[in-house]
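# Working through the structure, step by step
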Amino acid sequence: SALADVYVIAALRVAAQQVQSRHGAPTVERSDGGEEPCGVVVLGLGKYGGRELSYGSDLDLIFVYDEEGHTTGVPGESRDRGRISNYLYFTRLYERFHQAVSRLTKAGFAYRIDSRLRPEGKQGPLALSVRGYRRYFEGRAETWERQAFIKARVVAGDEALGRRFMDVVHDFVYAAAWSPTIVDEVEHVRWRMETELAREYSDQRNVKLGYGGIVDIEFLTQLLQLRHGAEHRELRTPNTLEALERLGVGGWMDESDCEELRECYFFLRKLENRIRIVQQVPANILPSSHRELSALARRLGYISTPGMSPGQVLMDDYTVRTRRVREIYTSVLAMVRGSPT
């Protein structure tokens, strides 16, 4: 995650130089009629926002700029030469940035970028102003988006603007009145992920999306952050392990359950990384063949026991851990659903 931060910061700087050379710098109008620079920030979401990148992970990113306005244009015969709106400028900035980060070259590519968490997803603008985000958060955003923005972290750009926008994010995520229906919404999204995306069948298991997988741990943690984060700012962390530790220390979860979830999280993420390193793609499914499963198990340090191959030992361990994760997940949902509003 730290390496990705450095890469994003450098790519933003290069992209800005390229776009400004054609259109000048973006500005906003001051109250006295003058102009001042218009800042932009890049926010990381998902595992990138939480500093939890796996091998081969995408970078979940959004672009946020300060206000609407126009660029200064570039020197020439016409004062308006190259002058464009801030919206168009930051859209082009994003496009150049995306190309710098994820373009395929002879040396491969650095990172895949996923910007689908922006308002309206694939159909939404590539860059949006703070005011635009505020309007969207207040009028159209859903519970799953509150979950997503728990993981928001400023990665690059204008630090002052980043702090101001994070205030907007935290108001959106934590200021809304609590309702038990939030539990139902979170549970429904999780059910759809497990039934429609995990593709679990026979002896094939999805480490991330399946029964008792990584997402169970993330969702129960985020649900408790939504429930208690308004009054307790220490819970407003994008990192899952930090949040679990603080939930246990603060008494919102049993500390032994938190520690057990942390151990299961380490186990599942290590398993996920081994799968991805071998397959060279961001996969999450345990191999179904006995030979491949045992090879994976040996990479994780498992050995044969009387009557059991390394793969069978791994599957027994996986079954015990995921069953326990689901038990805690279910108990947390029941606890939060029954808590007073």
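As shown above, the structure is provided for reference.
Here we summarise the structure given alongside this text. (Residues numbered from 1 in each chain as written. Predicted model: local features only at pLDDT ≥ 70, side-chain atom pairs only at ≥ 80, totals over all residues. Heavy atoms only, no water.)

### Some remarks on the nonpolar core
In this structure, Phe 137, Phe 149, Phe 165, Met 253, Leu 271 and Leu 314 are the most contacted members of the largest nonpolar core, which totals 68 residues. For this core, the element with the highest residue contribution is helix H12 (residues 310-337), accounting for 10 residues. Ignoring any residue separated from it by four or fewer positions in sequence, one finds Phe 137 in contact with Phe 149, Phe 165, Val 168, Val 169 and Phe 172. (Core = buried A, V, L, I, M, F, W, Y, C linked by side-chain atoms within 4.5 Å. Buried < 20%, exposed > 50% of the residue type's maximum accessible area, 1.4 Å probe, protein only. Helix = DSSP H or I, 4+ residues; strand = E, 2+ residues; numbered from the N terminus. Contact = heavy atoms within 4.5 Å.)

### Section: the sheet that holds strand S1 (residues 26-29)
The strand order across the open sheet built from three strands is S2-S1-S5, with neighbouring strands paired in antiparallel fashion. Of all strands in the sheet, those with a lone pairing partner are strand S2 (35-37) and strand S5 (70-71), marking the two edges. When S1 meets S2, the two strands line up antiparallel, connected through three bridges. Paired with Glu 29 across the two strands is Glu 35, which belongs to S2. (Pairing = 2+ DSSP bridges.)

### Concerning the side chain of Asn 239
Following the sequence through the fold, Asn 239 ends up in the loop between helix H8 (214-228) and helix H9 (240-249). With residues up to four places along the chain from it excluded, the contact list for Asn 239 reads Gly 50, Arg 51, Glu 52 and Lys 151.

### A closer look at the packing of aromatic side chains
Evaluation of the coordinates by the stated rule reveals 11 aromatic pairs. Aromatic side chains Tyr 65 and Phe 90 sit 4.7 Å apart centroid to centroid with 15° between the ring planes, which places their arrangement in the stacked category. Taken as a pair, Tyr 65 in strand S4 (residues 59-65) and Phe 90 in helix H3 (residues 86-102) lie far apart in primary sequence, 25 residues in all. A single burial state applies to Tyr 65 and to Phe 90, both of which are buried. Measuring from centroid to centroid gives 5.2 Å for Phe 137 and Phe 149, while their planes differ by 75°, and the two rings are edge-to-face. Taken as a pair, Phe 137 in helix H4 (residues 130-139) and Phe 149 in helix H5 (residues 143-150) lie far apart in primary sequence, 12 residues in all. Feature note: the residues Tyr 133, Phe 137, Phe 149, Phe 165 and Phe 172 constitute an aromatic cluster, connected by ring pairs. Positioned above the aromatic ring of Tyr 48, the side-chain terminus of Arg 153 is 5.2 Å from the ring centre. A cation over an aromatic ring shows up here: Arg 321 above the ring of Phe 267, its NZ or CZ 4.5 Å from the ring centre. (Phe/Tyr/Trp six-rings, centres within 6.5 Å; stacked < 30°, edge-to-face > 60°. Lys NZ or Arg CZ within 6 Å of the ring centre and 35° of its normal.)

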